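Fold and geometry: a report
Now for the letters of each chain:
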Amino acid sequence: MERYAMFIDGEFVPAHDASVFPVYDPSTEEIIAEVPAAGSADVDRAVRAARSAFDSGAWPGTTAQERGRLLFRLADSIRQHAASLAQLEARNSGKPVVEAEFDIADTATCFEYYGGLATKILGQVNPVPDDALSLSLSEPIGVVAQIIPWNYPLLMAAWKLAPALAAGCTCVLKPAEQTPLTILELARSFNEIGFPPGAINIVTGLGADAGAPLVAHPEVDKISFTGSNATGKGILKVAADSIRRVTLELGGKSPNIFFADADFEAAVDGALFGVFINQGEVCSAGSRILVQRPIYSKFVEAMTAKAATIRLGPPLSRDTKMGPLVSRRQFERVRAYQELGKQEGKLVLGGGRASGFDRGFYIEPTIFADVSNSARIAQEEIFGPVAAVIPFDDEEDAVHIANDTPFGLAAAVWSRDIYRVFRVLKKIRAGVIWVNHMQPTYVEAPWGGYKQSGIGRELGPRGIEQYLETKQVHINLNEKPL
Ligand code: TXE
């Protein structure tokens, strides 16, 4: 069992009271590491370190070129250690190692992208009358608190850290308590790469003990959170007290819409990939599968037959297509939805714990057909390999069902008719829409949700704006102003 320290002010440190919490391998249910359980005092130390690195100019005072170069070096370091990081990610989160390898590659690309963007943060000259010059300057917001979930541990850290650091902000990042290991491994390279103490701080701990004081800390200028809707709402309320800036990514119940004229084989694969990738522990999972009536029965049959062949197994085996869920809590949560689904829909595949494993949080890929969109399994985020298949009649019906949830993170539309595709995608209230595809996500393109799926956008140039303030400067050019 490994013992980790957390990273504050350029040093690896234990919690102030030396308390720790266990980290598990969800495929064996064994403890694989012990990690500091931070409390308010540790959070305070980390925020002060970040404050000092910001206020002294140690980080925002570096040139944009220098910040960019350090992010490139971090990307290089990730690539050098990609194999071991992917293994650790798979072991700690339960995801198949082959998927973890993609995540780690994306993590490196994310730091590289924002390393490049560091030197492209521009201001503006505003078109005011000739006797003045008006400028908009982009400045870093300051100290940012970043709280992330467990489904893409290192990649989510990159989505938060990379744009913030490029913008010149200093960061206190709290990984999810289930999956803190890869970011702590990566932190080993921060000093050598040349990040000044306090620019990046990693505080490990539970949501209530470490996350809550971080969000409430008066020296934090901005909070960026990815996680559950309930926790996001709580954070927004706390932030309201001092009008702190907030970005939220809160998951969804994304519709994956299949019209009868779609390429059938690709559509069936897209439906399965959309909901079963990463064990379904994906904020943009296509967990509501809307199928037009003429192909409905054939589609459900084909989906079910193919999903039955998904190979469950240990995360570190290269043949594994689906690993265990991340934790006992998540396992029990998803099991409860499987049982609920048996009352709300027609079970056509799975519905229980996966057989063939004497331990580990393995769950069967599960499909419910003939689900009403008002059912709880169609309205609530399950965050596991559970699909609700819903029939629809026509475009209008599809759009109505697609929009009929509190969420609006993503959607996909499958059809060969380009006119129909555009009609439908314009009416769908979601932040990301895929056409004849499901889930591809690029660091270059914005990511985030409509409605209760969140506030703000990550990734792409908009991702960096979340970490910038605009300062308007008015310069008088009239020697004798009125
Ligand atoms: O989320 P939490 P949980 C959804 C998904 C899942 C459910 C529960 O449906 O089944 O949420 O997951 C930290 N102040 N998503 O319980 O609690 C916590 O320590 C500050 C969707 O794991 O939101 C962790 O670092 N921080 C989602 C992070 O918040 C707090 C991804 C997420 O945990 C806190 C994850 C508090 N009071 C879950 N309480 C997505 N958008 O992709 C907890 N945390």
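See the structure shown above.
Read on for a plain summary of the structure. All values reported here derive from a predicted model rather than from experimental measurement.

1. Digging into the pairing of strand β4 (residues 20-25)
The alternating pattern of β4 places Phe21, Val23 and Asp25 on a buried face, while none of Val20, Pro22 and Tyr24, on the opposite face, is buried. Pairing between β4 and strand β5 (residues 30-36): 6 bridges, direction antiparallel. Looking across to β5, one finds that Phe21 is bridged to Val35. Turn length for the β4-β5 hairpin, with the two strands adjacent in sequence and antiparallel, is 4 residues, and the turn residue Glu29 shows positive phi of about 65°.

2. Section: the site of the ligand
Neighbouring residues of the ligand: 27 residues in total, closest Trp150, Glu177, Ser228, Arg333 and Glu381. The contact in question runs from an oxygen atom of the ligand to an N or O atom on the side chain of Ser228, over 2.7 Å. Burial of the ligand by the surrounding chains reaches 89%, relative to a free accessible area of 810 Å². Of all the elements in the fold, those that place two or more residues in the shell around the ligand are α8 (207-216), β11 (222-226) and α12 (328-344). Top element by residues in the shell around the ligand is α8. It accounts for 4 residues.

3. Thoughts on helix α9 (residues 229-241)
Here α9 contains 13 residues, and its C-alpha end-to-end distance of 19 Å stays within 8% of the 18 Å for a straight helix at 1.5 Å per residue. Within α9 the residues assigned to the buried category are Asn229, Gly232, Ile235 and Ala239. What you see down the axis of α9 is that its buried residues fit within an arc of 115°, all on one side. Residues of α9 that are exposed and angled more than 90 degrees away from the buried face: Ala230, Lys237 and Asp241.

4. Re empty space enclosed by the protein
Applying the stated criterion across every chain yields a total of 3 cavities of 30 Å³ or more. Size it by volume and the largest cavity reaches roughly 70 Å³. The wall of the largest cavity is formed by Gly252, Lys253, Val275, Gly280, Val282, Ala285, Ser287, Glu381, Ile382, Phe383, Gly384 and Val386. Considered class by class, the residues forming the lining of the largest cavity number 6 nonpolar, 4 polar and 2 charged. Roughly 60 Å³ of internal volume is contained in the second largest cavity. Along its surface, the second largest cavity is lined by 15 residues, and Pro255, Ala402, Phe407, Gly408 and Ala410 are the ones closest to its centre.

5. Some details on the sheet that holds strand β19 (residues 432-435)
The strand order β15-β16-β17-β14-β13-β18-β19 describes an open sheet built from 7 strands, whose pairing is mixed. A strand with exactly one partner marks an edge of an open sheet, and here the two such strands are β15 (346-349) and β19. In this sheet, adjacent strand axes meet at a mean angle of 20° when their direction is disregarded. Where strand β18 (residues 410-414) and β19 come together, 4 bridges link them in parallel fashion. For Ala410, the partnering residue across the bridge sits in β19 and is Val432.

6. Looking at the pattern of salt bridges
Enumeration over the complete set of coordinates arrives at 25 salt bridges. Put simply, Glu30 and Arg359 hold a salt bridge, and the shortest N to O gap is 3.0 Å. Placement of the pair is Glu30 in strand β5 and Arg359 in the loop between β15 and β16 (366-369), with a sequence separation of 329 residues. Glu177 is paired through a salt bridge with Lys174; the nearest N and O atoms lie 3.5 Å apart. Linked by salt bridges that have partners in common, Arg51, Asp55, Glu219 and Asp221 make up one network.

7. So, the packing of helix α3 (residues 82-93) against helix α5 (residues 153-167)
Look at α3 against α5: their axes get within 9 Å of each other, and the N-to-C directions meet at 110°. When the axis of α3 is compared with that of α5, the two are roughly perpendicular. Contact residues: α3 offers Leu85, Glu89 and Ser93, while α5 offers Pro153, Leu154 and Leu155. For the contact of α3 with α5, the per-class residue count stands at 4 nonpolar, 1 polar and 1 charged.

8. Looking at the packing of aromatic side chains
For the coordinates displayed, the defined rule picks out 14 aromatic pairs. Seen in terms of ring centroids, Phe259 and Phe392 are 5.2 Å apart; in terms of plane orientation they differ by 80°. Their pairing is edge-to-face. Residue Phe259 is located in the loop between β13 (255-258) and α10 (264-276), and its partner Phe392 is located in strand β17 (residues 386-392); the two are separated by 133 residues in the primary sequence. In this pair, the class of Phe259 matches that of Phe392, namely buried. Arranged with centres 3.7 Å apart and planes meeting at 10°, the rings of Phe357 and Tyr362 form a pair that is stacked. Phe357 sits in the partly exposed class, given a relative accessible area of 25%. Given the relative accessible area of 2%, Tyr362 is considered buried. Here the guanidinium or amino end of Lys222 rests over the ring plane of Tyr467, the centre of that ring lying 5.5 Å away.

The rules behind the values
Residues numbered from 1 in each chain as written. Predicted model: local features only at pLDDT ≥ 70, side-chain atom pairs only at ≥ 80, totals over all residues. Heavy atoms only, no water. Buried < 20%, exposed > 50% of the residue type's maximum accessible area, 1.4 Å probe, protein only. Helix = DSSP H or I, 4+ residues; strand = E, 2+ residues; numbered from the N terminus. Pairing = 2+ DSSP bridges. Near = heavy atom within 4 Å. Polar contact = N/O pair within 3.5 Å; in protein donor to acceptor, adjacent residues only side chain to side chain. Areas by Shrake-Rupley, 256 points an atom, 1.4 Å probe, with all protein chains shown as cover. Expected span 1.5 Å × (residues − 1). Arc of directions from axis to C-beta. 1 Å grid on protein atoms, 1.4 Å probe; cavity = no way out; pocket = protein on both sides within 12 Å on 5 of 7 lines; lining within 4 Å. Points joined across faces, edges and corners; volume = space filled by probe spheres on them. Nonpolar A, V, L, I, M, F, W, Y, C, P; charged D, E, K, R; others polar. Axes fitted to C-alpha atoms, helices over the stretch in contact; angles between N-to-C directions. Salt bridge = Lys/Arg side-chain N within 4 Å of Asp/Glu carboxyl O. Parallel < 35°, antiparallel > 145°, perpendicular 65-115°, else oblique. Contact = heavy atoms within 4.5 Å. Phe/Tyr/Trp six-rings, centres within 6.5 Å; stacked < 30°, edge-to-face > 60°. Lys NZ or Arg CZ within 6 Å of the ring centre and 35° of its normal.

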